[in-house]
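# A structural walkthrough
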Amino acid sequence: MSLLSKTRILFAAILVSAVLGAAVWNAYSQGSRILQGLSDMSPPASLAELRTAGKRVEAQVNRHLEGKYEAWDLYARIQQSLGKSEMNDFAVIKADDGRLYRGGLYPLNTENSGRLAEVIADFAGLAGEQGTKVLYMNTPDAVIKGKKIEPGYMPYRDYNAASDALLYGLRERGVPFIDTRYSFLQQGFGQEDISPRTTFLMSAEASFAAFGYLLEGLERKFNLSLDPDGFYRDGSNYTVTTYPDFFMGELGKETDPSFGGLADFKAVTPDFETEYVYEALDMFGNPTSIRGDAQTTLLHPDALVYYENIYRLYPQSYYKHTNTVWSKVVNLRNPGGPKILVLHDYYTAQVLSHLAPLCGEMHTLAHQDNLFTDATRYIKDNRFDYIIISFLPQNLVRPEMQRLIAAEGE
């Protein structure tokens, strides 16, 4: 037997022993905590609840595992040393330029995008009966429309087809929308400008640009003048703070920094006077009620404090709407502004913090797997001037987004 073969066998034996040892240690030290957490969960009563329960079980186990970050780091380093361009069975793809993308081995099904268009159209009709105008804002995918990533043989996910299916359905039904993908292209944004390398969330520059495109769309579609002198769209009226090599997005946390690296994070804070009464319900069901400026209410500076490790750092939570399922923001500096409802996911949280100064009152509803709110019922109890809907392109294929807007959208 060659020396190389013996080395491989020895390495495999050590690795298997380490895995078994870690499993035994976790069962001994964490087993009771995990079982107690599982026993507190209610039995699922439907298929939708079963999916949610599965995610909660996985999260409960992951929360208490010891040594998981070290294991991820070792695995990622091995994959990196082998020159691999994918991890976790093609769940994450690494392009030649070092950016991470969502992968997948099965064809993209856009059926739910078409259904979502129907639900939005019905919702817009209901809102219209109350004199409320509805606008959908389409945001860019992790892959620029029409662009191929390299290496080309990797099965990466391009969700532009889902956006196209949704917008086609909205156009057929006469629902106003804006497609910011083309606005970004016209302004010369490259993929590195739109999102950090380890996530599909928009960068600070892209989210501020999307805010400007949204204002332009509202003004053009509905003959408004929300920001006549361009004050709120002027970047010089904000402070941008850069945290270098500080951010690891969703795809990065699935693979470890040794595979995808780290990216800069930028926090945007208004330099003008703001004052809000802010009420909210976060993704864990915790209520908040506070009065103060943007830094106190809509923003969360503590999210930028490094406490333990990079896996437990979520700087995107600097924009509080990332984690809210419901909020009501009363603008004490602009009481005559429009009353707006925004239906969103975590993708547009930064945009909401920019939008609030122009509103007299801004309400938000977001989808969270563990909390449910029906926007159809909500608008029957609250009258709005305008409703903005915007979801991450990847979420357009999920039926859960239909249920946010109307329960019958299941």
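The preceding data block contains the structure.
In what follows, the accompanying structure is described.

About the criteria used
- Residues numbered from 1 in each chain as written.
- Predicted model: local features only at pLDDT ≥ 70, side-chain atom pairs only at ≥ 80, totals over all residues.
- Heavy atoms only, no water.
- Core = buried A, V, L, I, M, F, W, Y, C linked by side-chain atoms within 4.5 Å.
- Buried < 20%, exposed > 50% of the residue type's maximum accessible area, 1.4 Å probe, protein only.
- Helix = DSSP H or I, 4+ residues; strand = E, 2+ residues; numbered from the N terminus.
- Contact = heavy atoms within 4.5 Å.
- Expected span 1.5 Å × (residues − 1).
- Pairing = 2+ DSSP bridges.

### Section: the nonpolar core
With 70 residues, the main nonpolar core has F184, L214 and L355 as its most contacted residues. If you look at the next biggest cluster of nonpolar residues, it comprises 33 residues, including F123, Y136, I387 and I405.

### Quick notes on the side chain of D227
Along the chain, the position of D227 falls in the loop between α8 (204-222) and β6 (238-247). Owing to a relative accessible area of 2%, D227 belongs among the buried residues under this scheme. When sequence neighbours within four positions are dropped, the list of residues in contact with D227 reads L215, E219, Y232, R233 and L358.

### Observations regarding helix α4 (residues 111-128)
Taking 1.5 Å per residue as the helical rise, α4 with its 18 residues ought to reach 26 Å, and the 26 Å between its terminal C-alpha atoms agrees with that figure. Check the buried side of α4 and you find it contacts β4 (133-138), α5 (160-172), β11 (339-344), α13 (375-381), β13 (386-390) and α14 (400-405).

### Things to note about the sheet that holds strand β3 (residues 100-102)
One open sheet accounts for three strands, arranged β1-β2-β3; its pairing is antiparallel. Each end of this open sheet is capped by a strand with a single partner; those strands are β1 (86-87) and β3.

### Here we look at unusual backbone geometry
The amide bond that connects E150 to the next residue, P151, takes the cis arrangement and shows omega of 5°. Among the secondary structure elements, P151 is positioned in the loop between β4 and α5. For F90, which is not glycine, the phi dihedral falls at a positive 70°. As for its position among the elements, F90 is in the loop between β1 and β2 (92-94). A relative accessible area of 27% places F90 in the partly exposed class. With phi around 55°, N223 is a residue other than glycine that occupies positive phi space.

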